[in-house]
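Structure assessment
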Amino acid sequence: MLVLSGKDLSEKIKAETALKCSLFEKKFSRKPGRAVVLVGDNPASQTYVKSKKKACEELGIAHLDVEFKSDITQNQLLDCVHELNENPMVDGILVQMPLPSHIDELAVTQTISPDKDVDGFHPQNIGKLLLGQKGLVACTPKGILRILDHYNIETSGKDVCIVGRSNIVGKPMAALLMQKDRNATVTVCHSKTKDLASYVKRADIVIAAVGRVNAITEDMVKDGAVVIDVGINRVPDESKKSGFALKGDVDFDALCKKVSAITPVPGGVGPMTICMLMENTFLAACYREGADPSIFGEV
Ligand code: GUN
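The structure reproduced in this document is the subject of the present report. Bear in mind that the values here come from a model prediction, so they are computed numbers and not experimental data. (Residues numbered from 1 in each chain as written. Predicted model: local features only at pLDDT ≥ 70, side-chain atom pairs only at ≥ 80, totals over all residues. Heavy atoms only, no water.)

For the rest of this paragraph, the subject is the pattern of salt bridges. Overall, the coordinates contain 14 salt bridges when judged by the stated rule. In this structure, the salt-bridge partner of Glu25 is Lys31, at a minimum N-O distance of 3.6 Å. Exposure remark for Lys31: the relative accessible area of 35% places this residue in the partly exposed category. Residues Asp65 and Arg34 are paired through a salt bridge, measuring 2.9 Å at the closest nitrogen-oxygen approach. You can see Asp65 sitting in strand 3 (residues 62-68) and its partner Arg34 sitting in strand 2 (residues 33-39), a full 31 residues away along the chain. (Salt bridge = Lys/Arg side-chain N within 4 Å of Asp/Glu carboxyl O. Buried < 20%, exposed > 50% of the residue type's maximum accessible area, 1.4 Å probe, protein only. Helix = DSSP H or I, 4+ residues; strand = E, 2+ residues; numbered from the N terminus.)

This is the structure:
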């Protein structure tokens, strides 16, 4: 049984991206730049934003961090996004989700320039993804493909079951895997799926993006399956300084005995998401400068 370490792989890709960013800076006399907008005080969002900032510092990416209180109006937030769209030092813009309920997330996503949409959430980038055209690709699904590639896990002709239909993970993941370069047969399950276990059971590759601890149990998975756990759930744990532990969506300990490969939580998909965000920022910077990213090394 193989533990698929997104942590190790992300360190390798981050080192490569750091080198590319330094070559970019030599050529264009500026660093690639990324802005993050955080609204409110959601603790998980604050942690993610901090990790993204740290990664920028490690990799030589300029960062601009904008924070608003949760009572900001939608128009004020959209004005901020317009300013970042116009800011020549900013190649990538990320507005951390979720947003407070009085703000329409789609309106915000659609306002980000598609060329600066390093999250790959803009309808134009999602459309390109579906059509198999080049564009900025959502970080978590992109990171999952990198894990599969790195560990030589074939997707062609395989049955893949994605559990979760979010715009951030499930939908773009399905769109990527059904393309002609991946050739997977994809099933997308969700909260209204009847007999979830029957779909998971026939899958060669299971991608769990449910947002609930132990949503996928041992009895649901077939022998030798590959399991990718996207969940990052906080569960109370008094032995931790933070007061919580991170758990995935799958019952890792039980599944270990049955599967051929599995991602851990933490240290699996999570670090890859951040690392793909950095890579997307580098790519967006190259496109904005009219440069082919491959001149700085293999992508
Ligand atoms: N919230 C949880 N994951 C993400 C992500 O990848 N991007 C943004 N913008 N918000 C998130």
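On the surface, Tyr48, Ile232 and Leu246 cluster together into a nonpolar patch covering about 220 Å² of accessible area. Position of Tyr48 among the secondary structure elements: in helix 2 (residues 43-59). (Patch = residues over 30% accessible without salt bridge, like charges linked within 9 Å, V, L, I, M, F, W, Y side chains within 5 Å. Areas by Shrake-Rupley, 256 points an atom, 1.4 Å probe, with all protein chains shown as cover.)

Before going further, it helps to spend a moment on the packing of aromatic side chains. Per the counting criterion, the structure on display carries three aromatic pairs. Aromatic pair Phe24 and Phe28: ring centres 4.8 Å apart, planes at 50°, arrangement tilted. Of the two residues, Phe24 and Phe28 both sit in helix 1 (residues 6-28), four residues apart, roughly one turn of that helix. On the basis of relative accessible area, Phe24 is assigned to the buried category, the value being 0%. Ring centres of Phe24 and Phe296 lie 6.1 Å apart, and the angle between their planes is 55°; on these two criteria the pair is classed as tilted. A residue pair is termed long-range when its members are at least 10 positions apart, and Phe24 in helix 1 and Phe296 in the segment after helix 10 (269-288) qualify at 272 residues. An aromatic cluster is defined as three or more aromatic residues linked by ring pairs; in this entry it consists of Phe24, Phe28, Phe282 and Phe296. (Phe/Tyr/Trp six-rings, centres within 6.5 Å; stacked < 30°, edge-to-face > 60°.)

Shape is all these values report; function is a separate question.
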